[in-house]
Amino acid sequence: MEVLNEELTALQQAYAEHPDDRETALHLAQQYSDMGWYNEALDIYHTALDRAPEDPGLLLEFGNTVFRKGDYKTAISLFETLTKVRSDRIEGWNNLGIARSAAGEIEGAYDAFRRVLELEPENPGALLNMGNYLYEKREFEAAKNYFERACKARVDFPDAWFNLGNTLIELENFEEARQAFEKAIRYRREFSSALKNLGWIHEREQRFAEAKECYTEALLGNKADARLHVNLGNVNIRLKKYDEAKKCFLKAVRLAPNDIHGWMGLRGYALAKGDVGTFMRATMAVLPRLSEETLAQSVEVLYELNQIDKAEELLSQANRLGRTGDLIDCMRLLLYQRKDGHSEEIAALVKRLSALEQPQDAVLKGLARYSLMCDDYDTAAEMVGRIAAPDPAARAILWRAMIRQGNVNKAKREIRRFMKEHPENYDTYFLLAAIEAQRDNRKRAEVLLIHALDRGFSNMEEIHANGKLHELFEAMTGRNLVEDAT
């Protein structure tokens, strides 16, 4: 620092003694610019250019300084002058293109970069910039060609490899994108953005350990990137590292409390852990910004977990915000159906939702669940049958309807078939337990019920509504209490 101060003092003194000396003025202005003293640098450039208004070196450095300061309009003017003074040199055209890009003058930027390539066809920077121009226009195949040319012209060009990787993602060529990001990292070891995108590709291919390694390394160079913490948290959930995941999401929320992604990550963690309290807090924090679909799904999650009070609380907040839509109305219908005094609202909702010409699958599932609650098993089955790809919850509605219609053996076959591919689905174990209990196969029913409870089944209302299953559950609970006391 002392050496730098001495050098600056010497330059200032030399400039004061010889203000007409071009090299001294240029050197001092560059020093000021490097230090961030833009106003001091600009004063010198103004004075120098008054004496030599067409000096290429002064125009270039003056333009660079005002560009760094964020004055793109002045930078463009200076670089345009430079291209007129020295139309045969690439510096002016290249910097003009960059300044126009920064100012949003995309077509003007294209013209400038095209002139660079006319002067120097394999200029790596101009090839990169042309690729960026085409990428912004979503002409990905053409952009890819320019990025490949830039990589060929300068093999150790990390930005070109990185942009090539991003373009390949848009073209859904994920394997070559992975290779491009690996090249970018090879030539710039601490390239956080490339590590982040490489991690995303690993995550997409379900290589979660490799994704975690990339995200962790990327964070070493960019600890303040909230989205990186979210990505790492999501991977930790897939690896069942729940405590680590929670720390990641909390870090993301602290770094960017107004960014929805950290809160959404906390919601995902809470669902994985069955932590309803955290799920509610995270949902409430971003409720006004949730889409209709996500908001309706949030109410549905609580409904399916038999957290009816919390589902009603969430719906009440949605009502307060004036949120409307078919999906939210489905949840209104189901929650109103559980309470007295809503017959008119229920009738209006059923009429409106049933009359939709092309209802979403979630609407059909909601109507199926409502019909099941009303003991209208034929309509429940019909609604599920209209769903193109029923999710597990929709299938469970259909199985319940089939059982109550008396098609127990068919339901049992379908449940067992589904169970082979989804061994952690608690509804399959519960419904098989209900079937076995009804057939007085108590030991088998008990084992299945324990499996259902272990996997997260929590609808005590449904257990108590089934006489034999309720009796079995009470016996199990009483026996366990005696054993615990002993």
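Residues numbered from 1 in each chain as written. Predicted model: local features only at pLDDT ≥ 70, side-chain atom pairs only at ≥ 80, totals over all residues. Heavy atoms only, no water.

A. Spotlight on the overall build of the protein chain. The secondary structure content of the protein chain amounts to 29 helices and zero strands. Radius of gyration (C-alpha) of the protein chain: 33 Å, far over the 23 Å computed for a compact globule of 486 residues. Oriented by its inertia axes, the alpha-carbon framework of the protein chain measures out at about 105 × 60 × 45 Å. Here the protein chain holds 486 residues, and 44% of them are scored as buried. (Helix = DSSP H or I, 4+ residues; strand = E, 2+ residues; numbered from the N terminus. Rg over C-alpha atoms; globule rule 2.2 N^0.38 Å. Buried < 20%, exposed > 50% of the residue type's maximum accessible area, 1.4 Å probe, protein only.)

B. Just a positive patch on the surface, in detail. On the surface, Lys410, Arg413, Arg417 and Lys420 cluster together to form a positively charged patch. Mapping Lys420 onto the fold places it in helix H25 (residues 408–421). (Patch = residues over 30% accessible without salt bridge, like charges linked within 9 Å, V, L, I, M, F, W, Y side chains within 5 Å. Areas by Shrake-Rupley, 256 points an atom, 1.4 Å probe, with all protein chains shown as cover. Salt bridge = Lys/Arg side-chain N within 4 Å of Asp/Glu carboxyl O. Lys, Arg positive; Asp, Glu negative; His and termini not counted. Charge placed at Lys NZ, Arg CZ, Asp CG, Glu CD.)

C. Representation of the packing of helix H8 (residues 124–136) against helix H9 (residues 140–153) within the structure. At a closest axis distance of 8 Å, the pairing of H8 and H9 adopts a crossing angle of 165°. On the basis of the axis angle, H8 is roughly antiparallel to H9. Pair H8 / H9 crosses with left-handed handedness. Judged by residue contacts, Pro124, Leu127, Leu128, Met130, Gly131, Asn132, Leu134 and Tyr135 of H8 engage Phe140, Ala142, Ala143, Tyr146, Phe147, Arg149, Ala150 and Ala153 from H9. Of the residues that constitute the contact of H8 with H9, the class distribution is 13 nonpolar, two polar and one charged. (Axes fitted to C-alpha atoms, helices over the stretch in contact; angles between N-to-C directions. Parallel < 35°, antiparallel > 145°, perpendicular 65-115°, else oblique. Left-handed = near helix turned anticlockwise from the far one by under 90°. Contact = heavy atoms within 4.5 Å. Nonpolar A, V, L, I, M, F, W, Y, C, P; charged D, E, K, R; others polar.)

D. Here's a closer look at the pattern of salt bridges. All chains considered together, the criterion is met by 38 salt bridges. For Arg154, the salt bridge is made with Asp156, and the minimal N-O distance between the two is 3.4 Å. The partner of Glu462 in a salt bridge is Arg404, and the shortest N-O contact between them spans 3.9 Å. Linking Glu462 in helix H28 (residues 460–465) with Arg404 in helix H24 (residues 392–405), this pair joins segments that are 58 residues apart in sequence.

E. Looking closely at helix H20 (residues 326–337). Given a rise of 1.5 Å per residue, 12 residues ought to cover 16 Å, and the 16 Å separating the end C-alpha atoms of H20 matches this to within 8%. Among the 12 residues that make up H20, 10 are buried, leaving the element largely enclosed by the rest of the structure. Buried residues of H20: Leu327, Ile328, Asp329, Cys330, Met331, Arg332, Leu333, Leu334, Leu335 and Tyr336, and no others. Looking at the buried residues of H20, the elements they touch are helix H18 (292–304), helix H19 (308–320), helix H21 (343–354) and helix H22 (361–373). (Expected span 1.5 Å × (residues − 1).)

F. Here's a closer look at the packing of aromatic side chains. Overall, the coordinates contain 10 aromatic pairs when judged by the stated rule. Between the aromatic rings of Tyr45 and Phe62, the centroid separation amounts to 5.4 Å while the plane-to-plane angle is 20°, which identifies the pairing as stacked. Here Phe62 lies in helix H4 (residues 56–69) and Tyr45 lies in helix H3 (residues 38–51), a separation of 17 residues in the sequence. Classification of Phe62 by relative accessible area gives buried; the value is 4%. With 5.3 Å between their ring centres and 65° between their planes, Trp399 and Phe418 make a pair best called edge-to-face. Of the two residues, Trp399 sits in helix H24 while Phe418 sits in helix H25, which places them 19 residues apart along the sequence. Summarising the burial analysis for this pair, Trp399 and Phe418 share the class buried. Through successive ring pairs, a cluster of aromatic residues spans Phe162, Phe181 and Phe191. Over the ring of Phe191 we find Arg188; its NZ or CZ atom is 4.3 Å from the centre of that ring. Between Arg455 and the ring centre of Tyr429, over which it is positioned, the NZ or CZ distance is 4.4 Å. (Phe/Tyr/Trp six-rings, centres within 6.5 Å; stacked < 30°, edge-to-face > 60°. Lys NZ or Arg CZ within 6 Å of the ring centre and 35° of its normal.)

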